[in-house]
Amino acid sequence: MHKSLRFVAVAATCAVAGAALYGAGAATAGQSTANSTHEPYNIGLLVKDIDTYYGTTVDAGGVYQASPTSPYAKDLARIDAAARKYIDQAARKAHHRGEKPAVMFDIDDTLLLSLDYEKRYNYTYNGTTWADYVNKADRPGVFGSAELVQYAAKKGVEVFYNSGLSEAQRTAAVENLKKIGADVNLDADHVFLKDKANPPAYLSSCATPGTWTCTTVQYKSATRKHIEDDLGYEIVANFGDQYSDLDGGYADRGYKLPNPTYFVS
């Protein structure tokens, strides 16, 4: 059954605009862009704010890391605590009703942190450098993410993944998720990636072999619909760092993780 996302109000103070969390009942993109009537935020100051928010440091291997005591980490901890409480309750109710509860996780900056890539390439995107970075399969985990995956599984909740990564990046994504401890249901039946050459039938309205016109919302919401309507699961919670990870329904609750470094519509 088609359900509207019930977005969770999480009390979190974010140092950077764009790391805002969904409030109860919000169902819009949730972020505004600068308009021509005033000077945009100074990019040099914004980068400093982002570094402060993440508590950015460089480790011995020259990799940019977020600090476990940063405002970013504290925001994630608050979201994690609320999600654990809800998953426990939702799992109990679903099992009592004879339903099959499930959770859905985005991957990039929901489970695997790409701060090092953003810093190295000055917050710009290039398909080649991004593919090389992903294929190293060495990204650190988003704080608490692997533990939340394991927690859901222990509660008898089926774990699914729904990412904008390509099918060609499957091996690297799975290897990286294993490295951070999110080693739950990493088979092709649970990890959904973009297969533009051979898209699944449930995406036929926007994708055919060799032709892909799906927006992020279309792709991700249709995948959730497939999991609910075709596979028979009830998605009790959906986690993502982008509003487009969450829009489109087919989940009881959506949890927006902070990400001030880029925006995917």
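Scroll up to find the structure this text is about.
## Describing the overall build of the chain
The number of helices and strands found in the chain is 7 helices and 10 strands. Looking at the chain residue by residue over its 265 residues, the buried ones come to 48%. Considering only residue pairs separated by 6 or more positions, the chain has 68% of its internal contacts joining residues 24 or more positions apart. Roughly 12500 Å² of accessible area belongs to the chain as shown, and the carbon and sulfur atoms make up 52% of that amount.

## Here we look at the packing of helix α2 (residues 71–96) against helix α5 (residues 145–154)
Put simply, α2 and α5 touch, their axes get as near as 10 Å, and they point 10° apart. Between α2 and α5, the angle is such that the two are roughly parallel. Contacts between α2 and α5 involve D80, A83, R84, I87 and D88 on the former and, on the latter, E147, L148, Y151 and A152. Class assignment for the residues of the contact of α2 with α5 results in 5 nonpolar, no polar and 4 charged.

## Observations regarding unusual backbone geometry
The backbone of D109 sits at a positive phi, close to 65°, despite the residue not being glycine. Relative to the assigned elements, D109 resides in the loop between β4 (101–105) and α3 (115–120). Positive phi is not limited to glycine here, since Y250 has a value of about 65°. With respect to the helices and strands, the residue Y250 is situated in the loop between β9 (234–240) and β10 (253–256).

## Points about helix α1 (residues 43–54)
Taking 1.5 Å per residue, 12 residues should reach 16 Å; α1 reaches 16 Å between its end C-alpha atoms and fits that length. Those residues of α1 that sit buried are I50, Y53 and Y54. Down the axis of α1, the sector holding all buried residues measures 90°, keeping them to one side. Residues of α1 that are exposed and point over 90 degrees away from its buried face: K48 and T52. Those residues of α1 that are buried lie in contact with α2 and α3. By the N-cap criterion, in which a side-chain oxygen at the helix start approaches the backbone nitrogen of a residue two or three places on, α1 is capped by N42, the distance to G44 being 2.9 Å. Phi turns positive one or two residues past the end of α1, at G55, with a value near 65°.

## A short note on the packing of α1 against α2
Taken N-terminus to C-terminus, the directions of α1 and α2 make an angle of 55°; their axes are 5 Å apart at the nearest point. Between α1 and α2, the angle is such that the two are oblique. Residues T52, Y53 and Y54 of α1 form the contact with α2, whose own contacting residues are P71, Y72 and D75. Looking at the contact of α1 with α2 residue by residue, the classes come out as 4 nonpolar, 1 polar and 1 charged.

## Considering the layout of surface pockets
In this structure, the second largest pocket spans a volume of roughly 540 Å³. Taken together, 24 residues line the second largest pocket, and the ones lying closest to its centre are D108, Y125, W130, Y262 and V264. Taken together, the elements giving at least two residues each to the lining of the second largest pocket come down to α3, β5 (158–166) and α7 (216–230). By residue class, the composition of the lining of the second largest pocket is 8 nonpolar, 8 polar and 8 charged.

Calculation rules
Residues numbered from 1 in each chain as written. Predicted model: local features only at pLDDT ≥ 70, side-chain atom pairs only at ≥ 80, totals over all residues. Heavy atoms only, no water. Helix = DSSP H or I, 4+ residues; strand = E, 2+ residues; numbered from the N terminus. Buried < 20%, exposed > 50% of the residue type's maximum accessible area, 1.4 Å probe, protein only. Contact = heavy atoms within 4.5 Å. Areas by Shrake-Rupley, 256 points an atom, 1.4 Å probe, with all protein chains shown as cover. Axes fitted to C-alpha atoms, helices over the stretch in contact; angles between N-to-C directions. Parallel < 35°, antiparallel > 145°, perpendicular 65-115°, else oblique. Nonpolar A, V, L, I, M, F, W, Y, C, P; charged D, E, K, R; others polar. Expected span 1.5 Å × (residues − 1). Arc of directions from axis to C-beta. Polar contact = N/O pair within 3.5 Å; in protein donor to acceptor, adjacent residues only side chain to side chain. 1 Å grid on protein atoms, 1.4 Å probe; cavity = no way out; pocket = protein on both sides within 12 Å on 5 of 7 lines; lining within 4 Å. Points joined across faces, edges and corners; volume = space filled by probe spheres on them.

In short, shape yes, function no, at least from these values alone.
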